[in-house]
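Geometric and topological summary
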Amino acid sequence: MIKNKLDFKLVNIALIALICFFIYMANPLWLGILDKILKIILPLFAGFVIAYALYPILETLREKNIPKGICIGIIIFVLIAIITTIVVLLVPLLSNQIVSLIDSLIIFIKDITTNYNIDLGNLGDSLFKTFNEILTNVGKYVSDGAVKTINASINVISNVFIALASGIYFLVDMDKIRKNIKNYLHRKSKKLYEYISLLDREIKNYIKGFLTIVCISFFEYTIIYYIIGHPNALLLGILSGLGNFIPYFGGIFVQVIGIITGFSLNFSLGITVVMVTLITALIDSYLLNPLVYGKSNQVHPIIVIAAVFGGGILAGFIGIIIALPISIIIINSIKFYKEEISSKKS
């Protein structure tokens, strides 16, 4: 009897090992299938994320007693207007400003090496080479036109179109989706419903605040750089807005670029940019950010920095972008279950 049981176990182990071996040998097949499935699902998932991010805007518009259909029409119009503006107006302008910006950086580096006898060695040569390659590529894209770029990126463009189109449909049905999820969670567990509701509320507050900060940063820095006479005002304004996707470091990097290009043009402009940067940084940190975000979503800077580095290591640029939302989810999850444990003990 024992021998039969032992043989039976050995047969099971052998079968499991054989199955694992076949799975391993067939990994090109199932990895290919998995890759195809992900390519199909990811644009739809991105569409849902877009709809979820736009839903707070839809709610804000509906609070003004605007019908839902008109609210969605306004959102679609704004999205189309932004995309059209970027493609038709900003791309040629930004390409010229990028060339001007890189020229200014090259001049700044050359001035440092000649005026202050600083030998950058191979670093200087590599920087010049990199900048020249960027200038060559920008000029090539501008001269070749957008047709070749679109042909080379047709897959990306189609995925973006699918994500935007599905995002609009998800947005139309978002009330039903949220209601069905709410009913399911109610039936499943009251605690689970409270937990998901907490996360949903915090993420919505973050999205509202984040979109507001992006818009404020764009107009704030574009106007400021334009007033002080910086030739790359529009580009630096756009970069300042987009820099919010990278907490702390994005804004610092953009302002460093503004300072360097300011000094490369003339000393007085550089000093002006430094002063303006310090003043606006204080205003943003101690006035705008607390005013927009309020007391919610307050994450310690050390946690944000660690999350940004960890996200970058694990998932690259996408990891950096989602680092702060994930940190908010983790922090609120810990708080929620700590309060639950405390309530049970009391």
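Cut-offs and rules
- Residues numbered from 1 in each chain as written.
- Predicted model: local features only at pLDDT ≥ 70, side-chain atom pairs only at ≥ 80, totals over all residues.
- Heavy atoms only, no water.
- Helix = DSSP H or I, 4+ residues; strand = E, 2+ residues; numbered from the N terminus.
- Buried < 20%, exposed > 50% of the residue type's maximum accessible area, 1.4 Å probe, protein only.
- Contact = heavy atoms within 4.5 Å.
- Salt bridge = Lys/Arg side-chain N within 4 Å of Asp/Glu carboxyl O.
- pLDDT = per-residue confidence, 0-100.
- Phe/Tyr/Trp six-rings, centres within 6.5 Å; stacked < 30°, edge-to-face > 60°.
- Polar contact = N/O pair within 3.5 Å; in protein donor to acceptor, adjacent residues only side chain to side chain.
- Patch = residues over 30% accessible without salt bridge, like charges linked within 9 Å, V, L, I, M, F, W, Y side chains within 5 Å.
- Areas by Shrake-Rupley, 256 points an atom, 1.4 Å probe, with all protein chains shown as cover.

1. Focus on the overall build of the protein
A count of helical and extended segments in the protein gives 12 helices and zero strands. Listing each helix as α and each strand as β along the protein from the N terminus yields α-α-α-α-α-α-α-α-α-α-α-α. Residues classed as buried in the protein amount to 28% of the 346 residues present. Once local pairs closer than 6 in sequence are excluded, the contacts in the protein between residues at least 24 apart make up 70%.

2. So, the pattern of salt bridges
Considering all chains together, one arrives at four salt bridges under this definition. In this structure, Glu 59 and Lys 204 form a salt bridge, with 3.3 Å as the shortest nitrogen-oxygen distance. Separated by 145 residues along the polypeptide, Glu 59 in helix α2 (residues 27-62) and Lys 204 in helix α8 (residues 190-227) bring together distant segments of the chain. By relative accessible area, which is 23% here, Glu 59 ends up partly exposed. Across the pair Asp 175 and Arg 62 runs a salt bridge whose closest N-O atoms are separated by 2.7 Å. With Asp 175 in helix α7 (residues 174-188) and Arg 62 in helix α2, this residue pair connects regions lying 113 residues apart in the sequence. One continuous salt-bridge network, built from bridges that share partners, spans Arg 62, Lys 68 and Asp 175.

3. Here we look at the confidence of the model for the protein
Overall, the prediction assigns the protein a mean pLDDT of 75, with 69% of residues at 70 or greater. Looking at the elements of the protein, mean pLDDT is at its lowest for helix α5 (residues 146-152), recorded as 47, and at its highest for α7, recorded as 86. Contacts from residues 145-152, a stretch scored under 50 in pLDDT, to residues over four places away or in other chains number two contacts.

4. Some points on the packing of aromatic side chains
Summed over all chains, the structure comprises five aromatic pairs. Ring plane angle 45 degrees and centroid distance 5.4 Å describe the contact between Tyr 195 and Phe 336, whose orientation is recorded as tilted. Of this pair, Tyr 195 sits in helix α8 while Phe 336 sits in helix α12 (residues 301-345), and the two are 141 residues apart along the sequence. Judged by centre distance (5.8 Å) and plane angle (25 degrees), the ring pair of Tyr 206 and Phe 210 falls under stacked. Of this pair, Tyr 206 and Phe 210 both sit in helix α8, separated by four residues, roughly a single helical turn. With a relative accessible area of 10%, Tyr 206 lands in the buried category.

5. What about the environment of Ile 207?
Within the secondary structure layout, Ile 207 lies in helix α8. For Ile 207, a relative accessible area of 11% translates into the label buried. Between the C-alpha atoms of Ile 207 and Pro 56, which are 151 residues apart in sequence, the distance is 7.8 Å.

6. Describing the environment of Met 174
With respect to the secondary-structure elements, Met 174 resides in helix α7. Separated by 126 residues in sequence, Met 174 and Phe 48 have C-alpha atoms that sit 9.1 Å apart. Each residue touching Met 174, except ones within four places of it in the same chain, is listed here: Phe 48, Ala 51, Tyr 52 and Tyr 55.

7. Regarding the side chain of Asp 200
When you line up the elements, Asp 200 lands in helix α8. Note on Asp 200: relative accessible area 16%, which makes it buried. At a separation of 2.6 Å, a polar atom in the side chain of Asp 200 contacts the side chain of Tyr 52. The residues contacting Asp 200, other than those within four sequence positions of it, are Tyr 52 and Arg 178.

8. Points about a nonpolar patch on the surface
A grouping of Ile 33, Leu 34, Ile 37, Leu 38, Ile 40, Ile 41, Leu 42, Leu 44, Phe 45, Val 49, Phe 161 and Ile 162 is seen on the molecular surface, where their side chains present a nonpolar patch of about 1,100 Å² in accessible area. Those elements that place two or more of their residues in the nonpolar patch are α2 and α6 (154-172). For the nonpolar patch, the element with the highest residue contribution is α2, accounting for 10 residues. Relative to the assigned elements, Leu 42 resides in helix α2.

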